[in-house]
Amino acid sequence: MEYRELGSSGLNVPVVGMGTWQTFDVPGPEGEGRVRGLVDAAIRAGSTFIDSSPMYGEAERLLGLALGGRRDEAQVATKLWTTNDAEAERQAARALGWYEGRVELYQVHNLVRWPERLTLLERLRDEGKVGVIGATHYSPSAFDELAAVMRTGRIEAIQIPYNPRERGVEREILPLAEELGLGVVVMRPFGQGGLMRRSPSARDLEPLRPFGVSTWAQALLKWVLSDPRCHVAIPATSRVERVAENAAAGDPPWFGAGQRALVGRLAGA
Ligand SMILES: NC(=O)c1ccc[n+]([C@@H]2O[C@H](COP(=O)([O-])OP(=O)(O)OC[C@H]3O[C@@H](n4cnc5c(N)ncnc54)[C@H](OP(=O)(O)O)[C@@H]3O)[C@@H](O)[C@H]2O)c1
């Protein structure tokens, strides 16, 4: 697995991490075992950068439980997500409890009340509890605001959607991230699963085989990671065997323009 520095933040991350939206929100008694199985697979495969949020139900808590006794083997990225200042403090206290007192990347989810949330995260960073501060948004309609936050100099990383059918970040966000030296975490590499509904044939994927690609999921991840402005992709899966499949896209050689164009065509973009 290749590692990249998250912008100029000093945090080195494996290029294929893991998301937890829906997949780690497993209610009831089976939740703990299911999430532990996914985290075991992620650690085995080297996808040790794991992204969560208080928005994802049980995910944040179950991730903490699954990391019990081996917290050092993972890098946790989580978020603050609330309009309420007191609740933001509670979210941070809960997360720091679950993650043994530190969060490697702490983000403002969907830019909700970002000036106040950044103030809280800056305090936690000064206290040594937060490594890198970031901000996320999923919607192109918020990219102007995201760009404004990037320009404040108060964040070191962003999390944005990027895949062959969602390329809105190419206009301003990715060039600006590069100019400012910000880390880029890519959410939704499979378009929330929409890009997986119809997989191209093995024959269609044949030209990508020399790049270590044997599945459509790997082609899509390599499409993202072949843009050097992107540092880590965080695909989510509920299936243990897919964790290793996705992680296998995290090694060079990377695609050139021709392979990226082919993946774009196969995605129907
Ligand atoms: N900040 C934000 O606003 C925001 C918004 C959205 C997402 N995110 C973060 O980004 C992460 C990823 O985004 P996402 O979960 O929306 O979507 P995604 O990773 O693009 O797609 C997830 C879907 O892909 C399927 N999948 C995963 N690996 C596969 C494989 N090898 N082969 C076939 N299908 C595969 C999964 O199904 P199976 O479970 O059946 O494998 C799931 O349905 C989230 O989990 C979350 O951490 C953040």
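The coordinates are above.
Residues numbered from 1 in each chain as written. Predicted model: local features only at pLDDT ≥ 70, side-chain atom pairs only at ≥ 80, totals over all residues. Heavy atoms only, no water.

Draft legend 1. View of the nonpolar core. Core analysis: the largest hydrophobic core is formed by 79 residues, its most contacted members being Ile158 and Ile160. Take this core: its biggest share by element is eight residues, from helix H8 (residues 216–225). Every residue in contact with Ile160, bar those within four places of it in the chain, is listed here: His137, Phe143, Leu146, Val169, Ile173, Val184, Val185, Val186 and Met187. Judged by nonpolar contacts, the second largest core, of twelve residues, contains Phe49, Ala77, Ala157 and Met187. (Core = buried A, V, L, I, M, F, W, Y, C linked by side-chain atoms within 4.5 Å. Buried < 20%, exposed > 50% of the residue type's maximum accessible area, 1.4 Å probe, protein only. Helix = DSSP H or I, 4+ residues; strand = E, 2+ residues; numbered from the N terminus. Contact = heavy atoms within 4.5 Å.)

Draft legend 2. Looking closely at the packing of aromatic side chains. Overall, the coordinates contain two aromatic pairs when judged by the stated rule. Ring centres of Tyr162 and Trp223 lie 4.7 Å apart, and the angle between their planes is 50 degrees; this geometry places the pair in the tilted category. With a gap of 61 residues between them, Tyr162 in the loop between strand E8 (157–161) and helix H6 (173–180) and Trp223 in helix H8 connect regions that are remote in the sequence. The pair formed by Tyr162 and Trp223 is uniform in burial state, with each residue classed as buried. A ring pair is formed by Phe211 and Phe255, whose centres lie 5.5 Å apart and whose planes are at 75 degrees; its orientation type is edge-to-face. In this pair, Phe211 is assigned in the loop between helix H7 (202–205) and H8 and Phe255 in the loop between helix H9 (240–247) and helix H10 (257–266), connecting sequence segments 44 residues apart. Note on accessibility: Phe211 and Phe255 belong to one class, buried. Taking the ring centre of Trp254 as reference, the NZ or CZ of Arg4 above it sits at 4.9 Å. Lying across the ring of Trp223, Arg260 places its NZ or CZ 4.1 Å from the centre. (Phe/Tyr/Trp six-rings, centres within 6.5 Å; stacked < 30°, edge-to-face > 60°. Lys NZ or Arg CZ within 6 Å of the ring centre and 35° of its normal.)

Draft legend 3. Region of interest: the packing of helix H1 (residues 31–45) against helix H2 (residues 59–66). Where H1 meets H2, the closest approach of the two axes is 9 Å, and the angle between their N-to-C directions is 65 degrees. Taken together, the axis directions place H1 and H2 in an arrangement best described as roughly perpendicular. H2 is crossed by H1, and the crossing has right-handed handedness. Residue-level contacts link Gly31, Glu32, Val35, Arg36 and Val39 of H1 to Leu62, Leu63, Leu65 and Ala66 of H2. Class assignment for the residues of the contact of H1 with H2 results in six nonpolar, one polar and two charged. (Axes fitted to C-alpha atoms, helices over the stretch in contact; angles between N-to-C directions. Parallel < 35°, antiparallel > 145°, perpendicular 65-115°, else oblique. Left-handed = near helix turned anticlockwise from the far one by under 90°. Nonpolar A, V, L, I, M, F, W, Y, C, P; charged D, E, K, R; others polar.)

Just geometry here; none of it tells us what the structure is for.
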